[in-house]
Amino acid sequence: MIIAHFDPKNMNATTYAEVLRQLEVAGQGSPKGRVHHVSYGDTGALRVIDTWDTPQNMEAFGKVLLPILGSLGIEMDPPHVTTVHNIIRG
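Presented here is an overview of the structure given in this document. One numbering rule holds for all chains: residues counted from 1, following each sequence as written. For a predicted model such as this one, the threshold for reporting local features is a pLDDT of at least 70, and the threshold for listing and counting side-chain atom pairs is 80 or more; totals across whole chains, interfaces and linings nevertheless cover every residue. For the side-chain quantities, the full set of heavy atoms in the structure was used; hydrogens and water were omitted.

This next bit is on helix α1 (residues 13-25). Numbered from the N terminus, helices here are DSSP runs of H or I no shorter than four residues, and strands are runs of E no shorter than two. Each helix should span, by expectation, one fewer than its residue count multiplied by 1.5 Å. If you check α1, its first and last C-alpha atoms are 19 Å apart, about what 13 residues at 1.5 Å a residue would give, namely 18 Å. Any residue under 20% of the maximum accessible area for its type is buried, any over 50% is exposed, and the rest in between are partly exposed; the area is computed with a 1.4 Å probe on protein chains only. Those residues of α1 not exposed but buried are Thr15, Tyr16, Val19 and Leu23. When α1 is viewed along its axis, its buried side chains cluster within an angular range of 105° and face the same direction. Exposed residues on α1 whose side chains face more than 90 degrees from its buried face are Thr14, Glu24 and Val25. To be clear, the arc concerns the directions from the helix axis to the C-beta atoms.

In what follows, salt bridge is the name for a side-chain nitrogen of Lys or Arg lying within 4 Å of a carboxyl oxygen of Asp or Glu. Within the structure shown, the criterion is met by 3 salt bridges. As a salt-bridge pair, Asp7 and Arg47 come within 2.7 Å of each other at their nearest N and O atoms. Separated by 40 residues along the polypeptide, Asp7 in the loop between β1 (2-6) and α1 and Arg47 in strand β3 (residues 47-52) bring together distant segments of the chain. What makes Asp7 partly exposed here is its relative accessible area of 35%. Residue Arg21 is joined to Glu18 by a salt bridge in which the shortest nitrogen-to-oxygen separation is 2.8 Å.

Core analysis: the biggest nonpolar cluster contains 16 residues, and Met11, Val19, Leu23 and Leu65 have the highest contact counts within it. Breaking this core down by element, the ones donating at least two residues are β1, α1, β3 and α2 (55-71). Looking at this core, the element that brings in the most residues is α2, giving 5 residues. For our purposes a nonpolar core is just a set of buried Ala, Val, Leu, Ile, Met, Phe, Trp, Tyr and Cys residues, chained together by side-chain atoms within 4.5 Å.

Written as structure tokens, this is what we have:
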């Protein structure tokens, strides 16, 4: 399992909601292999952490996500991706 930390430069609550809407329209609201999705931070500067079962599934999702982000003017460096060491539920 891997974890990806996304730090967009200009994503607020409105643009985040639009990203989610467009992902739903594209059939990627719950993409294959994504285990968890968390959006956090100030509503004027949201960040995202996702956990994925494989890097391949994350990369496939990125092919849908990146054009959506670009169309909304959301700028972002590549995510910081690393292997998950442990998850404790509850």
